[in-house]
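# Structural features, examined
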Amino acid sequence: MSLDLHPARNDEAGRIWPMAKRARLFGSLAEFEAFRTEAPWRLQVSSSGECAVLDRWREHLAIVAMRGAWCAADRIPALVDRLMHVVRDQQMTSLLSPLVAEEVAPAYRAAGMHPLEDIVVLRRVSRQTPVAPAALPPGVRIRPPLPADLAALLEVDAACFNDFWRYDIDKLARHFVEDRLMVAEEDGAAIGYTLATVIGDSATLGRLAVAPGARGRGVGAALLAEALGYLERTGAATVSLCTQRENVVSRALYARAGLRELPGKLQFLIRDVSGE
Ligand SMILES: CC(C)(COP(=O)(O)OP(=O)(O)OC[C@H]1O[C@@H](n2cnc3c(N)ncnc32)[C@H](O)[C@@H]1OP(=O)(O)O)[C@@H](O)C(=O)NCCC(=O)NCCS
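This is a predicted model, so every value here is computed, not measured. (Residues numbered from 1 in each chain as written. Predicted model: local features only at pLDDT ≥ 70, side-chain atom pairs only at ≥ 80, totals over all residues.)

## Here we look at the overall build of the protein chain
The helix and strand tally for the protein chain stands at eight helices and 14 strands. For 276 residues, the compact-globule estimate of 2.2 N^0.38 gives 19 Å, and the C-alpha radius of gyration of the protein chain, at 20 Å, lies within 12% of that figure. Projected onto its principal axes, the C-alpha positions of the protein chain cover 65 × 40 × 35 Å. In the protein chain, 72% of the contacts between residues at least 6 apart in sequence involve partners at least 24 apart. (Helix = DSSP H or I, 4+ residues; strand = E, 2+ residues; numbered from the N terminus. Rg over C-alpha atoms; globule rule 2.2 N^0.38 Å. Contact = placed C-beta atoms within 7 Å.)

This is the structure we're talking about:
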């Protein structure tokens, strides 16, 4: 059975908010409302109650990401079919699934999406193990960011992550303002950074990056320890983060810092307009 979709009206948005809040998609109701007002197409609902929160994944990629979807598994193909119209209307090329568990992925595959990347989730329960301190190499310090760091960190980020993952300037600038960002500096230059977010009593480490030329000297371990120490001081009960399954260097680094990999596999899936 097909499904109709339209941008959420006020009353419909009010019904989405508790679910979006539970999924920690937004820090506050004001943020959720600003998100909707700025671009109403990003909140789609059907008359039968299915809904999706969408967003552009990165400014340099024509991908619409499903940040959240509330829909029975057998209705996902119909939802995705309709969302492909939204993708086309926005002159984008692809639709990205939410990060879904292995058990849920078949419903997205049935919707014509194909797996893009396998992700591992790691979690640390703050009170179980104290954060082990990690020494910085001589000449390197960790400090809060300055506005002038934005360009340098954008370069570090692009050197550390591929096109799918790297931040565009708007996204990184938003993290400067909204999240807790710390910079590793050497000889006056930014060589790495971390990004951390706390919502309620759970925290997320959104980024750990060290410029390729500065790796292998303990900067990554020190940045990680500093961020975990900060998050513990905020009272966050758990710290979670995601990394690519194939990223063995970071997985080993996280394991040494007391982060444990959660069982199961998470996946992003994607469907392209060009394959239609
Ligand atoms: C992961 C990352 C932050 C580590 O930074 P770093 O400054 O090299 O980290 P450290 O020097 O503290 O090294 C951490 C460990 O990884 C090892 N390591 C570092 N680079 C490595 C490499 N290229 N190959 C194998 N091992 C490596 C180090 O030997 C060290 O292990 P040890 O403690 O047993 O000696 C960095 O490689 C990076 O920015 N990668 C790209 C972005 C990324 O993957 N971020 C994390 C996932 S979101």
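## Thoughts on the site of the ligand
Residues in close proximity to the ligand total 16 residues, the closest being Val210, Arg215, Gly220, Ala221 and Ser250. Elements that contribute at least two residues to the shell around the ligand include exactly strand S11 (202–210), helix H7 (219–233) and helix H8 (248–256). Among the residues making up the shell around the ligand, the classes are represented as eight nonpolar, six polar and two charged. (Near = placed C-beta within 6 Å. Nonpolar A, V, L, I, M, F, W, Y, C, P; charged D, E, K, R; others polar.)

## Looking at the pairing of strand S10 (residues 189–199)
Both strand S9 (residues 180–186) and S10 contribute to a ladder of seven bridges, which runs antiparallel. Each residue of the ladder has a partner; that of Glu185, found in S10, is Ala190. As defined by bridge partners, S10 adjoins S11 across eight bridges and the pair is classed as antiparallel. Residue Ile199 lies in a different strand from S11, and its bridge partner there is Ser202. The antiparallel pairing of S10 with S11 creates a hairpin that spans two residues between the two strands, and Gly200 there sits at a positive phi of about 60°. (Pairing = 2+ DSSP bridges.)

## Focus on helix H1 (residues 10–22)
With 13 residues, H1 should reach 18 Å at 1.5 Å per residue; the first-to-last C-alpha distance of 19 Å fits that figure. All buried positions along H1 are accounted for by Ala13, Ile16 and Ala20. Contacts from the buried residues of H1 go to helix H2 (29–38), strand S2 (43–45), strand S3 (51–56) and strand S4 (63–70). Just past H1, the residue Arg24 takes up positive phi, approximately 60°. (Expected span 1.5 Å × (residues − 1). Buried ≥ 20, exposed ≤ 12 C-beta atoms within 10 Å, placed from the backbone.)

## Some details on the environment of Thr129
Relative to the helices and strands, Thr129 is located in the loop between strand S7 (114–125) and strand S8 (140–143). With 106 residues separating them along the chain, Thr129 and Gly235 place their C-alpha atoms 14 Å apart.

## Considering the pairing of S3
Sheet topology note: the S2/S3 ladder contains three bridges and is antiparallel. Along S3, the bridge assignment pairs Val45 with Cys51. The hairpin turn running from S2 into S3, its antiparallel successor, is five residues long, and Gly49 in that turn takes a positive phi close to 100°. When S3 meets S4, the two strands line up antiparallel, connected through six bridges. Within S4, the position partnered with Arg56 by the bridge is Val64. Counted between consecutive antiparallel strands, the loop separating S3 from S4 contains six residues.

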